[in-house]
Amino acid sequence: MNDLVPAVLGPVVIGAVSVLVYWDARRVGVVWPPVWALLMFVTGMLGLGLFLFVPSIPLPGLLVILLIGPIFYAFERDDTRHSGEPADPHTLADAGTTHERSAPGESDREPENGTADSSDGPNGRSGAGGTDEISQEQVDSDEYAERR
């Protein structure tokens, strides 16, 4: 009786999760939704079969087998949703671009007098594009303490 519940409900739950993955993959635009649904179904059924027929299987190994399908799908889904955006090492994911963060009415062009805006980086350039060179001058420690 103890194995009857997972044996009956397991395939139903795994099938429902596979259908949900197929629906979500089509909605998001993931390539080959049937393959992802099949991967979810196969890894789920493999894990369930090992649980039911190999009682000595270690639990961590069983969890790895059960979770490999959802983890791979989650990576593929995230890659599909965010792969069109250029990588920006100066921002966190989903933080928006520099243009989205600027206040309304602000222009993105350089000031006419050639001076850098205070929001620009230490070398007068914004974080996007260019190089990240920072000029460093030698400072005597006593002179630095006097400046502070």
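Just so you know, these numbers come straight off a predicted model, no measurement behind them. All chains use their own residue numbering, which begins from 1 and follows the written sequence. Two thresholds apply to this predicted model, a pLDDT of at least 70 for residue-level local features and 80 or more for giving and counting side-chain atom pairs, whereas whole-chain, interface and lining totals are computed over all residues. For the side-chain quantities, the full set of heavy atoms in the structure was used; hydrogens and water were omitted.

K.L.:
Help me get a handle on the side chain of serine 18, residues and values and all.
P.N.:
Tracing the chain through its elements places serine 18 in helix α1 (residues 4-28). We call two N or O atoms a polar contact when they sit within 3.5 Å, provided that within protein one can donate a hydrogen and the other can accept it, with sequence-adjacent residues counted only if both atoms are side-chain atoms. A distance of 3.4 Å separates the side chain of serine 18 from the backbone oxygen of alanine 37, its partner in a polar contact. At 3.2 Å, the side chain of serine 18 and the backbone nitrogen of phenylalanine 41 are in polar contact. Contacts are assigned to residue pairs with any non-hydrogen atoms lying within 4.5 Å of each other. Look past the residues within four positions of serine 18 in its chain and what remains in contact with it is Ala37, Met40 and Phe41. Helix numbers and strand numbers start at the N terminus; a helix is a DSSP run of H or I with at least 4 residues, a strand a run of E with at least 2.

K.L.:
Explain the nonpolar core residue by residue, including any values.
P.N.:
Residues belong to a common nonpolar core when they are buried Ala, Val, Leu, Ile, Met, Phe, Trp, Tyr or Cys residues joined through side-chain atoms within 4.5 Å. Partly exposed residues are those whose accessible area sits between 20% and 50% of the maximum for their type, while under 20% is buried and over 50% is exposed, using a 1.4 Å probe and protein chains only. Counting six residues, the largest nonpolar core is built from Val21, Ala25, Val30, Trp36, Met40 and Tyr73. Counting residues per element, the ones that place at least two in this core are α1 and α2 (33-53). Apart from residues lying up to four places away in sequence, valine 30 is in contact with Ala25, Trp36, Tyr73, Glu76, Arg77 and Thr80.

These results come straight from atomic positions and should not be treated as a statement about function.
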